[in-house]
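Here is what each chain is made of, one letter per residue.
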Amino acid sequence: MTTSNTTETEGQMLQRVMPSLMGSKNILVLNDEAHHCYREKPGEAAEREVTTDDKQEAERNKEAARLWISGLETVSRKAGDHARHRSLGDSLFPARSGYAEGTLFPWTMSDFSLMDAIECGIVKLPRVPVADNIPGRRDVPKFRNLWEHIRKDMPRKGRGKAEKLDPLALPVPLQTALEALYGHYEKTFHLWAERGIRVPPCFIVVCNNTSASKLVYDFIFRFHP
């Protein structure tokens, strides 16, 4: 038995990815998380110095963005006037895109920033711990940019590839930050209950991979499943 490695045509790709839409008219693609869908500027411009890990992550993100926007462009070419594409959410160039980081895509029609959404009460209010303001390097409080101080001590792989995970091995600055944030949340929880607010506040921690998520979960819940 012999096999041949061939590159599928654009039509074959669409037939594989969206067979139910082949031949349809008036296709509208709403692409959320727009900062993951762009084509980088040729001849990348000089940007701030980044670490090796950041550079590798940026390269992975750029490749994913290229694949996604190439797919959308293929749909537009094949469907012609029957397809429309709209991008939503964070239409900002990321780091190492070749454009100034954080600037809006030039094709953006309307911008409602995160700060505007926070002030209007539409999205959750992000908080950082302030109970411990011990300055770190450059006289900047460690909690201002916590990841910079703990990244080397955090697991880099997901749960499927990581070794034994010990919640007590979390970096001390992270433990302190979690305690500070949860202490504030607990006070808010009781305050809302006293005032008869039926929907309690929500405590959310965003992590960079599933190993870190499991460690933080176990630490917050005192290792009880």
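A brief structural summary. Keep in mind it's a predicted model, so treat the numbers as computed, not measured. (Residues numbered from 1 in each chain as written. Predicted model: local features only at pLDDT ≥ 70, side-chain atom pairs only at ≥ 80, totals over all residues. Heavy atoms only, no water.)

Quick look at the overall build of the protein chain
- If you tally the helices and strands in the protein chain, you get six helices and two strands.
- Ordering the α and β elements of the protein chain from the N terminus gives α-β-α-β-α-α-α-α.
- Here the protein chain, with 225 residues, has 23% of them falling under the buried criterion.
- In the protein chain, once contacts between residues fewer than 6 apart in sequence are set aside, the share between residues at least 24 apart is 64%.
- Accessible surface for the protein chain amounts to roughly 16800 Å². Of this, 55% is attributable to carbon and sulfur atoms. (Helix = DSSP H or I, 4+ residues; strand = E, 2+ residues; numbered from the N terminus. Buried < 20%, exposed > 50% of the residue type's maximum accessible area, 1.4 Å probe, protein only. Contact = heavy atoms within 4.5 Å. Areas by Shrake-Rupley, 256 points an atom, 1.4 Å probe, with all protein chains shown as cover.)

A short note on a nonpolar patch on the surface
- On the surface, a cluster of nonpolar side chains totalling about 410 Å² of accessible area is made up of Phe112, Leu114, Ile122 and Val123.
- Looking at the secondary structure, you find valine 123 in the loop between α3 (114-119) and α4 (146-150). (Patch = residues over 30% accessible without salt bridge, like charges linked within 9 Å, V, L, I, M, F, W, Y side chains within 5 Å. Salt bridge = Lys/Arg side-chain N within 4 Å of Asp/Glu carboxyl O.)

Some remarks on the pattern of salt bridges
- One pass over the full model with this rule turns up seven salt bridges.
- Among the ionic pairs, arginine 77 bridges to glutamate 10, the shortest N-O distance being 2.5 Å. You can see arginine 77 sitting in helix α2 (residues 52-79) and its partner glutamate 10 sitting in helix α1 (residues 10-17), a full 67 residues away along the chain.
- We classify glutamate 10 as partly exposed; its relative accessible area is 31%.
- Notably, a salt bridge pairs glutamate 59 with lysine 62, separated by 3.4 Å at the nearest N-O pair. Here glutamate 59 pairs with lysine 62, and both are found in helix α2, just three residues apart, close to one helical turn.
- Looking at glutamate 59, the relative accessible area reads 34%, which means it is partly exposed.

A short note on the nonpolar core
- The biggest cluster of nonpolar side chains holds 12 residues, and these are Phe143, Leu146, Ile150, Met154, Leu170, Leu174, Ala177, Leu178, Ala212, Leu215, Val216 and Phe219.
- When residues of this core are traced back to their parent elements, those giving at least two are α4, α5 (172-194) and α6 (210-220).
- Considering every element that reaches this core, the biggest residue donor is α6, with four residues.
- Judged by nonpolar contacts, the second largest core, of seven residues, contains Leu14, Met18, Ile27 and Ala79. (Core = buried A, V, L, I, M, F, W, Y, C linked by side-chain atoms within 4.5 Å.)

Here we look at unusual backbone geometry
- Its identity is not glycine, yet asparagine 26 carries a phi of approximately 55°, on the positive side.
- Summarising the element assignment, asparagine 26 is placed in the loop between α1 and β1 (27-31).
- Unusually for a residue other than glycine, glutamate 33 sits at a positive phi of about 55°.
- Secondary-structure assignment places glutamate 33 in the loop between β1 and α2.

Some points on the environment of aspartate 90
- You can see aspartate 90 is positioned in the loop between β2 (83-87) and α3.
- When the C-alpha atoms of aspartate 90 and glutamate 33 are compared, they prove to be 5.9 Å apart, with 57 residues separating the residues in sequence.
- Excluding its chain neighbours within four sequence positions, the residues that come into contact with aspartate 90 are Glu33, Ala34 and His35.

Section: the packing of α5 against α6
- Taken N-terminus to C-terminus, the directions of α5 and α6 make an angle of 55°; their axes are 11 Å apart at the nearest point. Judged by the inter-axis angle, α5 sits oblique to α6. In the crossing of α5 with α6, the sense of the turn from one axis to the other is right-handed. The residues of α6 that touch α5, namely those facing Gln175, Leu178, Glu179 and Tyr182, are Val216, Phe219 and Ile220.
- Classifying every residue of the contact of α5 with α6 by side-chain character gives five nonpolar, one polar and one charged. (Axes fitted to C-alpha atoms, helices over the stretch in contact; angles between N-to-C directions. Parallel < 35°, antiparallel > 145°, perpendicular 65-115°, else oblique. Left-handed = near helix turned anticlockwise from the far one by under 90°. Nonpolar A, V, L, I, M, F, W, Y, C, P; charged D, E, K, R; others polar.)

A look at the side chain of serine 91
- Inspection of the secondary structure puts serine 91 in the loop between β2 and α3.
- Beyond its immediate chain neighbours, meaning those up to four positions away, serine 91 contacts Ala34, Thr103, Leu104, Phe105 and Thr108.

Some words on the environment of tyrosine 182
- Relative to the helices and strands, tyrosine 182 resides in helix α5.
- The class of tyrosine 182 is partly exposed, set by a relative accessible area of 35%.
- Residues tyrosine 182 and isoleucine 220 lie 38 residues apart in sequence; the distance between their C-alpha atoms is 8.4 Å.
- Among residues more than four places away in sequence, those in contact with tyrosine 182 are Phe203 and Ile220.

Geometry only, nothing functional implied.
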